[in-house]
Amino acid sequence: MNNIVAIVGRPNVGKSTLFNRLIQRREAIVDSVSGVTRDRNYGKSEWNGKEFSVIDTGGYIRGSDDVFEGEIRKQVELAIDEADVIIFVVDVEEGITPMDDVVARLLRKVTKPVLLAVNKVDNAMREKDAIEFYNLGLGEYYTFASISGSGTGDLLDALIESFPVKPEPVQEEVVLPRFAVVGRPNAGKSSFINALIGKERFMVTDIAGTTRDAIDTKFDRFGFEFNLVDTAGIRRKAKVKEDLEFYSVMRSVRAIEHADICILIIDATRGFEGQDQSIFWLAEKNRKGVVILVNKWDLVEKDTMSTRDYEAKIREELMPFTDVPILFVSALTKQRLLKALEATVQVFENRKQRISTSKFNEFMLKVIEAYPPPATKGKYVKIKYCMQLPTLTPQFVFFANMPQYVKEPYKRYLENKIRENWDFSGVPIDIYIREK
């Protein structure tokens, strides 16, 4: 197991800038509005050949009315529990604030190593100002400037030294499949992940747009092992007013690009709206596997036909790519969550499957013989050979004497026949016609 480092401190002292510098990617959203990081954000970092995980937490706030503030406080306490070493970030410009005192009091009770890091120290005058932080009673402090990076080397040296000694792991790290949980704001993505991993890893409130960053969580239960990515809800561009919201949407689009399978969560009380469709087509365009979960199904008035009608309505919107698993779940009551996982893992397996060329030809050539491509201008198209390409997503090539005369409807016919005979549920298929 890697060592875990938690970065804590009151809002807007530069925790996320330090976090981004450590993991060398722009993962956490950085903005001069305080309280931007709302969940614990995980990343990996390395210094002097030592790897460690970093947790960026929301600012620690005591006695604030904001719904999010109470939740952030819970997250910080959880992060402190998980970490081996804690970096407590303070701001030299503002000196010691009452809130810093509160955090210091909390950290003095912790038995783990705490490094006091004084941010925004980029000249000799500020070096002198930093002396007052001895008053926090946390011993030695380290000065640095997270934006320019000066002083971070000394901080990291001290960090590596304070790690507890752990036995070296023997096994190699396996790259786990990544499942991105996507959907519009407030469809229940974070509740879904919290229900699965049985730990409050995400803040859940009734306000849409709580999750602002895309966050990875390792899942290893019930015999399944993969990474779950919760993304900020994707909204229409017109609704993206704060630039934060825009950045979160960008992050979600990126999460879709990096995932293997997208779990699209839709809100049963709102139906399958235009926004849900665009997320679906975004995943399809990126050639990702898709599973659709209709969440909050416990809130819908039902009769015997309701699931069938609802499903038919969704499939109608998805034309022509209708071969997608649709499940009705409730993250709150944990109804059918395991079934949803099984379906997702199955789609992942479908996406990887390879069909041997001999079997594929044996089946497809009979299909083509029974219904050949329509003749154009008295010319007959003959397809004599086909195969699956060695690509990450299912792609098939058919060799014909006149490929230009094979039109889209016939390609769709071939795809439907492939789907009838092999299970490619939830996975987009590409069909190419080439000259032999």
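All figures in this text were calculated on a predicted structure; none of them were measured in a lab. Within each chain, residue numbers correspond to sequence positions counted from 1 in written order. In view of the model being predicted, local features appear only for residues whose pLDDT reaches at least 70, and side-chain atom pairs are presented and counted only at 80 or more, with totals across whole chains, interfaces and linings using the full set of residues. Side-chain numbers come from the whole structure's heavy atoms, not from hydrogens or water.

## Considering the packing of aromatic side chains
Quick note on the threshold: Only Phe, Tyr and Trp rings are paired, with Trp represented by its six-membered ring, and only when their centres lie within 6.5 Å; those with planes under 30 degrees apart are stacked, over 60 edge-to-face, the remainder tilted. Secondary structure elements follow DSSP: runs of H or I of four or more residues count as helices, runs of E of two or more count as strands, with numbering from the N terminus. Buried residues are those whose accessible area, probed at 1.4 Å on protein chains only, stays under 20% of the maximum for their type, while exposed residues exceed 50% and partly exposed ones sit between those limits.
According to the stated counting rule, one finds 17 aromatic pairs in the structure shown. Summarising the aromatic geometry, the rings of Phe280 and Phe321 are spaced 5.7 Å apart at their centres and angled 35° between planes, so their arrangement reads as tilted. Within this pair, whereas Phe280 is found in helix H8 (residues 274–285), its partner Phe321 is found in the loop between helix H9 (306–318) and strand E12 (326–328), the two being separated by 41 residues in sequence. Side by side, Phe280 and Phe321 carry an identical accessibility label, which is buried. Taking 5.8 Å as the distance between ring centres and 80° as the angle between the ring planes, the aromatic pair formed by Tyr310 and Phe328 counts as edge-to-face. Placement of the pair is Tyr310 in helix H9 and Phe328 in strand E12, with a sequence separation of 18 residues. Assigned by exposure class, Tyr310 and Phe328 land together as buried. Through successive ring pairs, a cluster of aromatic residues spans Phe360, Phe363, Phe396, Phe398, Trp422 and Phe424.

## Examining the environment of Arg105
Position of Arg105 relative to the elements: it lies in helix H3 (residues 98–108). The class for Arg105 is partly exposed, based on a relative accessible area of 47%. Sequence separation between Arg105 and Leu138 is 33 residues, and the spatial gap between their C-alpha atoms is 9.4 Å.

## Section: the nonpolar core
Rules: Put simply, buried Ala, Val, Leu, Ile, Met, Phe, Trp, Tyr and Cys residues joined by side-chain atoms within 4.5 Å make one nonpolar core.
Counting residues in hydrophobic clusters, the biggest one holds 28 residues, and the most contacted among them are Phe179, Phe192, Phe219, Phe226, Leu228, Ile263 and Leu293. Only strand E7 (178–182), helix H6 (189–197), strand E9 (224–230), strand E10 (261–267), strand E11 (289–295) and helix H10 (337–352) provide two or more residues apiece to this core. With 25 residues, the next largest nonpolar core counts Cys262, Phe272, Tyr310 and Val324 among its residues.

## Overview of the confidence of the model for the protein
The line we're drawing: Each residue carries a pLDDT score, the predictor's own confidence in it, on a scale running from 0 to 100. Contacts are assigned to residue pairs that have any heavy atoms within 4.5 Å of one another.
When the pLDDT values of the protein are averaged, the result is 78; 76% of them are 70 or greater. In the model of the protein, helix H7 (residues 243–258) stands out as the element of lowest mean pLDDT, 54, in contrast to strand E14 (residues 395–400), which has the highest, 93. In the predicted structure, residues 233–250 sits below a pLDDT of 50 and forms 38 contacts with residues beyond four places in sequence or in another chain.

## Focus on the environment of Tyr405
When you line up the elements, Tyr405 lands in the loop between E14 and helix H12 (408–421). Separated by 25 residues in sequence, Tyr405 and Tyr380 have C-alpha atoms that sit 8.9 Å apart.

## Description of the pairing of strand E4 (residues 85–91)
Every other side chain in a regular strand lies on the same face of the sheet, so the side chains alternate between the two faces. To keep things clear, this is the line we draw: By the convention used here, strands pair only if DSSP detects at least 2 bridges between them.
Along E4, 7 of the 7 residues are buried, which leaves the element largely enclosed by surrounding structure. Burial along E4 is two-sided: Val85, Ile87, Val89 and Asp91 facing one way and Ile86, Phe88 and Val90 facing the other are all buried. Sheet topology note: the strand E1 (residues 3–8)/E4 ladder contains 4 bridges and is parallel. By the bridge assignment, Val5 is partnered in E4 with Val85. Judged from the 6 bridges that link them, E4 and strand E5 (residues 114–119) form a sheet pairing that is parallel. Counted as the bridge partner of Phe88 is Leu116 from E5.

## Thoughts on the pattern of salt bridges
Selection rule: Each reported salt bridge corresponds to a side-chain nitrogen of Lys or Arg within 4 Å of a carboxyl oxygen of Asp or Glu.
Going through the model one piece at a time under the given rule, you end up with 15 salt bridges. Put simply, Arg10 and Glu94 hold a salt bridge, and the shortest N to O gap is 3.5 Å. Linking Arg10 in the loop between E1 and helix H1 (15–23) with Glu94 in the loop between E4 and H3, this pair joins segments that are 84 residues apart in sequence. Of the residues examined, Arg10 reaches a relative accessible area of 5% and is grouped as buried. Note that Arg419 and Glu415 form a salt bridge whose closest N and O atoms lie 3.0 Å from each other. One end of the pair is Arg419 and the other is Glu415, both in helix H12 and 4 residues apart, which spans about a single turn. When its relative accessible area of 18% is taken as the criterion, Glu415 is described as buried. When salt bridges that share partners are traced, they join Arg10, Glu94 and Asp100 into one network.

## Structural notes on helix H11 (residues 357–370)
How we decide: One less than the residue count of a helix, multiplied by 1.5 Å, gives the span that helix is expected to have. As used here, the arc belongs to the directions running from the helix axis to the C-beta atoms.
For H11, which comprises 14 residues, the first-to-last C-alpha distance of 20 Å matches the rise-based estimate of 20 Å (1.5 Å per residue) to within 8%. Buried within H11 are the following residues: Phe360, Asn361, Met364, Val367 and Ile368. The buried side chains of H11 occupy one side of the element, clustering within an arc of 140° when seen end-on. Counted as exposed and oriented over 90 degrees from the buried face of H11: Ser358, Lys359, Glu362, Lys366, Glu369 and Ala370. Of the surrounding elements, those touching the buried residues of H11 are strand E13 (383–388), E14 and H12.

## Let's talk about the pairing of E1
Of all 6 residues making up E1, 6 are buried, and the element is well covered by its neighbours. In E1, alternate side chains face the same way, and those of Asn3, Val5 and Ile7 on one face and Ile4, Ala6 and Val8 on the other are all buried. Both E1 and strand E3 (residues 50–56) contribute to a ladder of 5 bridges, which runs parallel. Paired with Ile4 across the two strands is Ser53, which belongs to E3.

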